[in-house]
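# Geometric and topological summary
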Amino acid sequence: MTESKGYAAPAAHAPLAPFDFQRRDVGPHDVRIEILFCGVCHSDVHQVRNEWGGSIFPMVPGHEIVGRVTEVGAHVTSFKPGDLAGVGCLVDSCQHCDECAEGLEQYCDNGSVGTYGAVDKDGSITYGGYSNNIVVTEKFVLHVSEKLDLARVAPLLCAGITTWSPLRQWNAKAGDRVAVMGLGGLGHMAVKFAAAMGCEVTVLSTSPSKEADAKALGAHKFVVTKDAEAMKSVRNYFDLIINTVSAAMDLTPYISSLRLDGTMVLLGVPPEAPQLHAFNLIAKRRRIAGSLIGGIKETQEMLDFCAENNVMSDVEIIRMDYINEAYERMMKSDVKYRFVIDLATL
Ligand SMILES: [Zn+2]
Ligand SMILES: [Zn+2]
């Protein structure tokens with residue numbers, strides 16, 4: 001075992017504080033990564049506060065991890081010490097069900113292993129990226145290009161892949177009309193990706209104040225959803241809506257902005273069921289779907305696309321001991337668009 005340090009929540013709602021723990025030794029298929037940066041995801045806050053139930057404490061959150069490989073096991077073939085590496089939301093899965101065979105580990109029939117707060121295959125509890133190092137089986141480690149700004153790569157491992165995957169699954173391509181709801185950590189990546197894919201990108205927002213930011217991120221259009229006339233102008237319009245909003249809402253007016261066979265993909269998890277009038281789906285054979293992060297193969301494709309197209313998150317880099325304040329600010333959407341911890345400050 002290797003002495004490791006990080007920041008942990010000792011109990012639900014307790015502030016995060018310094019925490020010493022042990023990582024397993026590097027096994028034959030393992031890679032050890034010295035963590036350089038870790039993004040701060042909304043799900044970190046939900047899990048630290050046990051809002052989804054089942055949280056395990058002490059909890060070391062963090063699943064947007066970028067760092068440098070320091071040690072590899074005897075059977076590791078695709079990484080060597082000194083390589084850059086990334087780890088996202090998953091560190092393992094059964095690796096033999098149909099979903100895993102297709103590279104869709106996030107939908108593993110037997111339950112994939114989350115990067116933190118989960119029970120690993122050896123029975124230990126996983127600890128995430130708010131720490132100085134992590135040991136992960138090679139299959140779940142991503143290659144990161146030396147070309148990119150590492151702090152700005154970290155959020156790609158969750159916010160990035162969560163929005164990339166539905167854009168790819170629903171075949172977003174040049175000329176398609178894509179709308180993005182919610183301009184936070186996820187939404188800002190959806191705008192950047194869809195724009196980089198050549199789509200016509202519209203941000204649907206409740207607050208007119210976000211127009212300049214939306215356009216700066218690459219959006220072509222901005223529609224204030226409270227403005228009935230503006231919403232009328234996009235009736236039967238979009239091929240795809242990426243909905244990142246996690247507040248309870250009536251989906252009906254948004255569904256009406258989909259054209260024939262258009263799809264709204266839900267990425268956020270509101271505490272209450274969304275409202276929806278079935279007729280608005282029926283009228284134009286519209287669809288509602290959901291999507292969960294992305295598989296390892298797809299995550300690598302996204303990282304490679306980002307390296308080629310110079311796509312990265314917009315981040316605010318913070319010290320480790322700022323994390324509790326960062327959570328408070330994040331809950332007020334007071335960040336553009338992702339906090340990233342510089343682990344050199346641990
Ligand atoms: Zn996340
Ligand atoms: Zn599986």
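Residues numbered from 1 in each chain as written. Chains lettered and ligands numbered in written order. Predicted model: local features only at pLDDT ≥ 70, side-chain atom pairs only at ≥ 80, totals over all residues. Heavy atoms only, no water.

### A short note on the domain arrangement of the chain
Rule in force here: Per the annotation, domain bounds derive from an automatic or database assignment of domains. A contact between two residues is defined here by any heavy atoms of the two lying within 4.5 Å. Buried area adds together the accessible area that both of two parts lose upon being put together, with accessible area traced by a 1.4 Å probe.
What the domain assignment reports for the chain is domain 1 (2–158 + 294–299 + 313–345) and domain 2 (160–290). Relative to domain 2, the C-alpha centre of domain 1 lies at a distance of 28 Å. The partner domain 2 presents 15 residues to the 13 residues of domain 1 that form the contact. Of the roughly 1200 Å² buried between domain 1 and domain 2, counting both surfaces, carbon and sulfur atoms make up 50%.

### Digging into the coordination of the zinc ion (ligand 2)
Let me state the cut-off plainly: Ligating atoms shown are N, O and S within 2.8 Å of the metal, or 3.2 Å for Na, K and Ca, and water is not included, meaning a site may look less than complete. The geometry test gives tetrahedral to four donors whose angles all lie between 85 and 135 degrees, gives square planar to four donors and octahedral to six donors whose opposite members are over 155 degrees apart with all other angles between 65 and 115, and gives irregular to the rest.
Listed as protein donors to the zinc ion (ligand 2) are Cys94 (SG), Cys97 (SG), Cys100 (SG) and Cys108 (SG); their distances from the metal cover 2.3 to 2.4 Å. One can describe the donor arrangement at the zinc ion (ligand 2) as tetrahedral, given that its 4 donor atoms subtend angles of 103 to 119° at the metal.

### Regarding the coordination of the zinc ion (ligand 1)
Threshold: Working definition: helices are DSSP H or I runs of at least four residues, strands are E runs of at least two. Numbering for both runs from the N terminus.
Ligation of the zinc ion (ligand 1) by protein atoms is provided by Cys41 (SG), His63 (NE2) and Cys158 (SG), these donors lying 2.0 to 2.2 Å from the ion. Each donor residue of the zinc ion (ligand 1) belongs to the same chain, with the gaps between them written as C-x21-H-x94-C. Here His63, found in the loop between α1 (42–48) and β4 (65–72), pairs with Cys158, found in the loop between α3 (150–153) and α4 (159–169); they are 95 residues apart in sequence, far enough to count as distant.

### Quick notes on the nonpolar core
One recurring pattern in soluble globular proteins is that nonpolar side chains are buried together. Test applied: Take the buried residues of types Ala, Val, Leu, Ile, Met, Phe, Trp, Tyr and Cys, join any two whose side-chain atoms come within 4.5 Å, and each joined set is a nonpolar core. Throughout this description, buried means an accessible area under 20% of the type-specific maximum (1.4 Å probe, protein chains only), exposed means over 50%, and partly exposed covers the range between.
With 95 residues, the main nonpolar core has Val40, Tyr130, Leu167, Phe193, Ile323 and Tyr327 as its most contacted residues. Apart from residues no more than four positions distant in its own chain, Leu167 is found in contact with Ala172, Val178, Ala190, Phe193, Ala194, Met197, Leu240 and Ile242. Within the second largest apolar cluster, 17 residues are counted, among which are Ala179, Tyr237, Leu258 and Leu281.

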